[in-house]
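What follows is the residue order along each chain.
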Amino acid sequence: MPDQCCSLCRIALDKVSVTRGGQILLQDVSMHIHCGQLTVLIGQNGAGKTTLIRALLGELPHGGAIRHVDGENREVPRLRTGYVPQHLQFDKEMPVTVEDFLAAAFSRRPVWTGVSRRTRQMVLDALRTVECESLAKRPLGRCSGGELQRVLLALALHPAPDLLVLDEPVSGVDQNGLKMFLDTVARLKEQHHMAILLVSHDLSLVRQYADHVALLDKTILVQGTPDAVYASPEFQRVFAVGARNLTSTRHHGADRWTPRVSPDINEQEANE
């Protein structure tokens, strides 16, 4: 049984569209993000994944509807959302520990005046949730990529969100850090029954961890289980999967599939 269940049943996106400067970035995106499931958004660069996340987080105006509903189809008025970005931009030489970083978010008291016993316990509890309490006294700039992402995950989980959004959080993370991070996410999904949306380019990793996959190319082309989506003609077309067209490279232990570009195609066409 979950240790703490959220009040949400699903996030329902109905014909969501985003237009900026006369350019259509998203059109008629309809999908559900269910609690207790890891939903993974895949697609090539420029497909609109970041735009969809920003619309979901309320950072971009959009057409259509995004509804947060409970098990009886009633609106959830205040959705708690946690967000882990792809990278955290900061000065790695700053004399800030992991404890300082989290304490600044957990308390209104300036960390330079000291960290209270209560706040320190909150920090340790948050780090324990992602199994890295040993990092508390480590300078933030001395954390590895995987360790830093786990710290950001600890921050995103305080307080426990209804929706957890992970925007390529393991990009550039080594194999051990990648597995530890995603194993932690899988455990949190089971314990807290939260809805989790992950953006990822690592297709083998998606197949291993996802409950539901949505293939985006400005609209949802196909969605379902990983096996069903990967077997679809839409997936084959977008990722050019085939003996002649497939370029498969190992990216931190996972296959990354990208279309093979002919040498006579110019750079602009290759990016389209």
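Given the structure is predicted, the values throughout are model-derived calculations rather than measurements.

1. Considerations on the sheet that holds strand 6 (residues 163-167)
Strand order in the open sheet formed by six strands is 5-6-7-3-8-9, and the pairing between neighbours is mixed. Each edge of the open sheet carries a strand with a single partner, namely strand 5 (81-84) and strand 9 (220-224). Within this sheet the neighbouring strands show an average axis-to-axis angle of 15 degrees, counted without direction. Of the pairings in the sheet, the one linking strand 5 to strand 6 comprises four bridges and is parallel in character. Within strand 6, the residue paired with Thr 81 across the bridge is Leu 163. Together, strand 3 (38-42), strand 5, strand 6, strand 7 (195-199) and strand 8 (212-216) form the strand contacts of helix 1 (residues 49-56), whose direction differs from that of strand 6 by roughly 150 degrees. Helix 4 (residues 145-156) contacts strand 5 and strand 6 of the sheet and is inclined by roughly 170 degrees relative to strand 5.

2. What about the confidence of the model for the protein chain?
For the protein chain, the mean per-residue pLDDT works out to 82, and 84% of the residues sit at or above 70. This stretch, residues 1-5, has a pLDDT under 50; its non-local contacts, to residues over four places away or in other chains, come to ten contacts. Segment residues 242-272: pLDDT under 50, and 49 contacts once partners within four positions in sequence are set aside and those in other chains are kept.

3. Remarks on helix 2 (residues 98-106)
Regarding helix 2, the residues found buried are Val 98, Glu 99, Asp 100, Leu 102, Ala 103 and Phe 106. Residues of helix 2 that are buried sit in contact with helix 3 (117-129) and helix 4.

4. Notes on the packing of aromatic side chains
Under the criterion given, the structure shown has two aromatic pairs. Look at Tyr 230 and Phe 235: their rings are 4.6 Å apart centre to centre, the planes differ by 20 degrees, and that puts the pair in the stacked class. As far as burial versus exposure is concerned, Tyr 230 and Phe 235 are alike and both buried. Ring geometry for Phe 235 and Phe 239: centres 4.8 Å apart, planes at 40 degrees, overall tilted. Each member of the pair, Phe 235 as well as Phe 239, carries the same accessibility label: buried. One aromatic cluster is present, formed by Tyr 230, Phe 235 and Phe 239 through successive ring pairs.

5. Side note on the packing of helix 2 against helix 4
How two helices pack is summed up by the angle between their axes together with the distance between the axes. As a packed pair, helix 2 and helix 4 sit with axes 11 Å apart at the nearest point and diverge in direction by 20 degrees. Here helix 2 lies roughly parallel to helix 4, going by the angle between them. For the element pair helix 2 and helix 4, the recorded crossing hand is right-handed. Seen from helix 2, the contacting residues are Val 98, Phe 101, Leu 102, Ala 105 and Phe 106; seen from helix 4, they are Val 151, Leu 152 and Leu 155. Across the contact of helix 2 with helix 4, the residue classes tally to eight nonpolar, no polar and no charged.

6. Quick look at the environment of Met 122
As for its placement among the helices and strands, Met 122 is situated in helix 3. Through-space distance from the C-alpha of Met 122 to that of His 158 is 9.2 Å; in sequence the pair is 36 residues apart. Ignoring any residue separated from it by four or fewer positions in sequence, one finds Met 122 in contact with Phe 106 and His 158.

7. Quick notes on the pairing of strand 3
Summarising burial for strand 3: five of the five residues are buried, a large majority. Every second residue of strand 3 is oriented toward a common face, with Leu 38, Val 40 and Ile 42 on one face and Thr 39 and Leu 41 on the other, all of them buried. As paired elements, strand 3 and strand 8 share four bridges and run parallel to each other. Following the sheet pairing, Leu 41 is matched in strand 8 by Ala 214.

Cut-offs used in this document
In every chain, residue numbers begin from 1 and rise along the written sequence. Under the rules for a predicted model, residues below a pLDDT of 70 receive no local features and side-chain atom pairs below 80 are neither given nor counted, while totals for whole chains, interfaces and linings still include all residues. Hydrogens and waters are ignored; side-chain quantities use all the structure's heavy atoms. Paired strands, as defined in this entry, are two strands with at least two bridges between them according to DSSP. Every helix listed is a DSSP run of H or I at least four residues long, and every strand listed is a run of E at least two residues long, numbered separately from the N terminus. Helix axes are fitted only over the stretch in contact, all axes being lines through C-alpha atoms; the angle between N-to-C directions runs from 0 to 180 degrees. Any pair of residues with heavy atoms lying within 4.5 Å of one another is described as a contacting pair. As a per-residue measure, pLDDT tells how confident the predictor is, with possible values from 0 to 100. Throughout this description, buried means an accessible area under 20% of the type-specific maximum (1.4 Å probe, protein chains only), exposed means over 50%, and partly exposed covers the range between. Put simply, two rings from Phe, Tyr or Trp (the six-membered ring, in Trp's case) pair if the centres are within 6.5 Å, and we call them stacked under 30 degrees between planes, edge-to-face over 60, tilted for the rest. Put simply, angles under 35 degrees are roughly parallel, angles over 145 are roughly antiparallel, angles from 65 to 115 are roughly perpendicular, and the rest are oblique. Left-handed describes a crossing whose near helix is turned anticlockwise from the far helix through less than a right angle; right-handed describes the clockwise counterpart. Think of it as three bins: nonpolar holds Ala, Val, Leu, Ile, Met, Phe, Trp, Tyr, Cys and Pro, charged holds Asp, Glu, Lys and Arg, and polar takes everything else, Gly as well.

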